[in-house]
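# Fold and contact review
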Amino acid sequence: MALRLLASRAASQLRLAVFPRGFATVINELKYTDSHEWVKVEGNSATIGITDHAQDHLGDVVYVELPEEGATVTQGSAFGAVESVKATSDVNSPVSGKVTQVNSELNNSPALINASPYENGWIIKVEMSNAGELKSLMDAGQYTKFCEEEDAKH
Amino acid sequence: MRGGGLWQLGQSLTRRLAQTNKKVATRRCFASEADLKKTVLYDFHVANGAKMVPFAGWSMPIQYKDSIMDSTVNCRENGSLFDVSHMCGLSLKGKDCIPFLEKLVVGDIAGLAPGTGTLSVFTNEKGGTIDDTVVTKVKDDHIYLVVNAGCRDKDLAHIEEHMKSFKSKGGDVSWHIHDERSLLALQGPLAAPVLQHLTKEDLRKIYFGEFRILDINGCPCYLTRTGYTGEDGFEISVPSEYAVDLAKAILEKSEGKVRLTGLGARDSLRLEAGLCLYGNDLEQHITPVEAGLTWAIGKRRRAEGGFLGAEVILKQIAEGPPTRRVGFFSAGPPARSHSEIKNKKGETIGEITSGGFSPCLKKNIAMGYVKSGNHKAGTKVNILVRGKSYEGVVTKMPFVPTKYYKPS
């Protein structure tokens, strides 16, 4: 998700704070993008959402813009958006393929993304067109390090 | 009234992410920490878990440990304490300070009873607003006013220029900018009960808009029963050396129910209350009549004029303004500043100037300007958010009923 600037600014302010807000959860079995999306792979199906780190920086999610079932998604491109009290952020797909399911629960309860970013707050399921793309994603360890470096940079 | 275009800034920056190099944008858009001004409560905010952000050249808390939504709801259920020391307080003194100020603002300052204040606007020659401000007549030769942080330099230059010419014609006016004082805003149902613990003065006798100079927590403060949330509350101008102690005392007396609250919740609260944010809902080219602030133009001033832009403004009062500020409810994502408003025929009729998700109402609220004729409550519109059209309806403001303390 393209939090970049807002997250960077929030992160830079966190660095100034004497009491940091604690560590965000990272799940071992998942893969991660540098725009803070996660993907869970089961066979050829990929479930996608945004990470705990992302939802923490965003704040209360008030609206989720979902794609249609059947839509095509491309690795690295935005397929929807997540909106918080503060601002809107695009959500990018970690993989290319076709959307098979969208989490329509998010229409009624967008805050699921805050409460359960890796489980009930999943956003879309995709039938992958090229599983090889997964190799370019980060694992849990790499993503954790990536977040630490990003937060420290600003 | 207060602040600058934070949400506008955040929104437009987020949208530009796709095109701009991340590092370049970060460096270009944000002042370094060393350049930002700090209020005397800076360390106190940080020690209380604040997320600090740059705002109008200051480092200010956008939120604390609780979320913006929780913070907003807590203000209306219990209370909030805001550090608004970034705003600029000033005093105008001298026997001609009232006629002097009346050239620059639309309010009937002469008609104010001593110890009362009102919201007003500084206008330019075209009748547009330079800034909005709360003006208080302390007495006939002393006016106290508070202006927006983001407009400080502009406002002070404007006042100074006019003061020079006024004095050169023999007028008696001088000013003092209260950089030695800090401003706290205490808002919500617990504001008065909590503050009462800290002062001997009977707060039940101080009504909305009224001003007193009195001791609070043992130090001499300027107290105004006003705010930017729609709730009952006070703005307390305190000598800066006592500000932290006062903030601590207020929080302690409330036994934790009044919480330190940041600019994020402040923006949600003022939007719910239907209050303008200068830089979004008020701008140099928007007149107070278009903004729905005709009530702030005193009756005598409408008859006499005598303020900058009077010709334009009085004409709008007589004929009706070409555009009007109204509120909206809408479906879909929250409408944000600069979202286009169209009528049901698909014609553009206006633009959103502020919007967001209301934590108290749990729905989208927004305000914007529409061509007159489209401004009646119940008018159905379409609002374009990120290229998609969503249904909206014009609604009266405030969105959340206000609770100003007025005599019954």
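Residues numbered from 1 in each chain as written. Chains lettered and ligands numbered in written order. Predicted model: local features only at pLDDT ≥ 70, side-chain atom pairs only at ≥ 80, totals over all residues. Heavy atoms only, no water.

Where an unreviewed UniProt entry is consulted, chain B appears under the name Aminomethyltransferase, with the organism given as Carnegiea gigantea. Recorded in UniProt for chain B, the comment headed Subunit (unreviewed entry) runs: "The glycine cleavage system is composed of four proteins: P, T, L and H." The record in UniProt for chain B states the following under Catalytic activity (unreviewed entry): "N(6)-[(R)-S(8)-aminomethyldihydrolipoyl]-L-lysyl-[protein] + (6S)-5,6,7,8-tetrahydrofolate = N(6)-[(R)-dihydrolipoyl]-L-lysyl-[protein] + (6R)-5,10-methylene-5,6,7,8-tetrahydrofolate + NH4(+)". (UniProt positions renumbered as here; feature names shortened; annotations may be inferred.)

Chain A carries the name Glycine cleavage system H protein in an unreviewed UniProt entry, which gives Carnegiea gigantea as its organism. Of the comments in the UniProt record for chain A, the one headed Subunit (unreviewed entry) reads "The glycine cleavage system is composed of four proteins: P, T, L and H." Per UniProt, chain A has the following entry under Sequence similarities (unreviewed entry): "Belongs to the GcvH family."

## Section: the sheet that holds strand β18 (residues 380–385) of chain B
Residue and element names in this part refer to chain B. Spatially, the 6 strands close up into a barrel ordered β14-β17-β16-β15-β18-β19, and their pairing is antiparallel. Looking at each pair of strands side by side, their axes are set apart by 40° on average, direction ignored. Note that strand β14 (residues 323–330) and strand β19 (residues 388–395) share 4 bridges and pair antiparallel. Looking at β19, one finds that phenylalanine 328 is bridged to valine 394. (Pairing = 2+ DSSP bridges. Helix = DSSP H or I, 4+ residues; strand = E, 2+ residues; numbered from the N terminus. Axes fitted to C-alpha atoms, helices over the stretch in contact; angles between N-to-C directions.)

## Side note on the UniProt feature "domain: Lipoyl-binding" (unreviewed entry) in chain A
The UniProt feature table records "domain: Lipoyl-binding" (unreviewed entry) at residues 45–127 of chain A. Annotation note: span residues 45–127 of chain A, helix share 18%, strand share 42%, distance between end C-alpha atoms 5 Å.

## Quick look at helix α5 (residues 140–153) of chain A
Residues and elements named next belong to chain A. Over its 14 residues, α5 runs 20 Å from end to end, which matches the ideal 20 Å to within 8%, given 1.5 Å per residue. Listed as buried for α5 are Ala140, Tyr143, Phe146, Cys147 and Glu150. The buried residues of α5 occupy an angular sector of 120° when projected down its axis, which confines them to one face. Across from the buried face of α5, at angles greater than 90 degrees, the exposed residues are Lys145, Glu148 and Ala152. For α5, the capping residue at the N-terminal end is aspartate 139, with a side-chain oxygen 3.0 Å from the backbone nitrogen of glycine 141. (Expected span 1.5 Å × (residues − 1). Buried < 20%, exposed > 50% of the residue type's maximum accessible area, 1.4 Å probe, protein only. Arc of directions from axis to C-beta. Polar contact = N/O pair within 3.5 Å; in protein donor to acceptor, adjacent residues only side chain to side chain.)

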